[in-house]
Amino acid sequence: MPKHPTLTVGDLKLIERPKLDYRMLLTFGGERDKDSKNHLFLFRNRINQQEGNFENVAREDLKGKLPVRMRENRPNCHSFFRYMPPAKYFKDHPEWYSQGKDGERGPSQLCFASRGLRDELTKNFLDYAGEVGGKGFLDLSQQDAGGAMCHCEACTAMSEKYASNGGPLFDYLLELASIAKARYPELVIHTLVYHRNSTQKPPKVERPFPD
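Quick caveat, the model's predicted, so the values are computed rather than measured.

Enquirer: Report on helix 6 (residues 167-183), specifying residues and quantitative values.
Expert: For helix 6, spanning 17 residues, the distance from its first C-alpha to its last is 25 Å, which sits close to the expected 24 Å at 1.5 Å a residue. Considered for burial, the residues of helix 6 that qualify are Gly167, Pro168, Leu169, Phe170, Asp171, Tyr172, Leu173, Leu174, Leu176, Ala177 and Ala180. Those residues of helix 6 hidden inside the fold are in contact with helix 2 (80-83), helix 4 (115-131), helix 5 (153-162), strand 4 (187-190) and helix 7 (195-199).

Enquirer: Report on the pattern of salt bridges, specifying residues and quantitative values.
Expert: Tallying each qualifying case throughout the model produces six salt bridges. Linking Glu175 and Arg115 is a salt bridge whose minimum nitrogen-to-oxygen distance equals 2.6 Å. Of this pair, Glu175 sits in helix 6 while Arg115 sits in helix 4, and the two are 60 residues apart along the sequence. Taking the shortest distance from any N to any O, the salt bridge between Lys123 and Asp127 comes out at 3.0 Å. Highlighted residues: Lys123 and Asp127, both in helix 4, separated by four residues, approximately one helical turn. Residue classification places Asp127 among the partly exposed positions, given a relative accessible area of 36%. What you see here is one network of salt bridges that share partners, running through Arg115, Arg118, Asp119, Asp171 and Glu175.

Enquirer: I'd like a description of helix 4, backed by residues and values.
Expert: For helix 4, with 17 residues, the first-to-last C-alpha span of 25 Å sits near the 24 Å given by 1.5 Å per residue. Burial in helix 4 covers these residues: Leu117, Arg118, Leu121, Thr122, Asn124, Phe125, Leu126, Tyr128 and Ala129. Near the N-terminus of helix 4, the side chain that reaches the backbone nitrogen of Gly116, with its oxygen 3.4 Å away, is that of Ser114. Taken from the residues just after helix 4, Gly133 is the one with a positive phi, measuring 100 degrees.

What counts, and at which threshold
- Residues numbered from 1 in each chain as written.
- Predicted model: local features only at pLDDT ≥ 70, side-chain atom pairs only at ≥ 80, totals over all residues.
- Heavy atoms only, no water.
- Helix = DSSP H or I, 4+ residues; strand = E, 2+ residues; numbered from the N terminus.
- Expected span 1.5 Å × (residues − 1).
- Buried < 20%, exposed > 50% of the residue type's maximum accessible area, 1.4 Å probe, protein only.
- Contact = heavy atoms within 4.5 Å.
- Salt bridge = Lys/Arg side-chain N within 4 Å of Asp/Glu carboxyl O.
- Polar contact = N/O pair within 3.5 Å; in protein donor to acceptor, adjacent residues only side chain to side chain.

Structure representation (structure tokens):
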């Protein structure tokens, strides 16, 4: 390897468009400090999301450059109970929450076999989407637990239909996505691929998800 005291690079214009629009490293440390130069490292490595909305504070000229479509609204994960808080609903509607293997209902996940649950969740989700402007990423994903969403007979049938324990959620997302797209075309629904025995296994769907 020849040694050069100075490395000279000629004129260079390089434009890249990654296949994935949304790229984020979840970090726990100095990167979360709004004054940290680590933000510049993330930007150089093509990360466009950090702590929700990526604003590169290391360079003033890069602020606000992230397209609205790529902005992530809060909450950004484990959001079932943001829209359907058990403290508000469980007493009067235990059937809206998961049935365990023992047959008992409890606030672990949601039971998507319930028409009432779906209707109320859709209303609450779209109401909140309107509050945040109807644009960007908005999460709807399971609570921080693995396994089947619900062990009731109807949810078990959906898991079998989609060949995934996430079947009940995927079935609902197909319904919600079409409704949300009509009302908020610039909204992107964000969900989790999470736990090998839950939503990590992709569903077998008869029709594709809306874009």
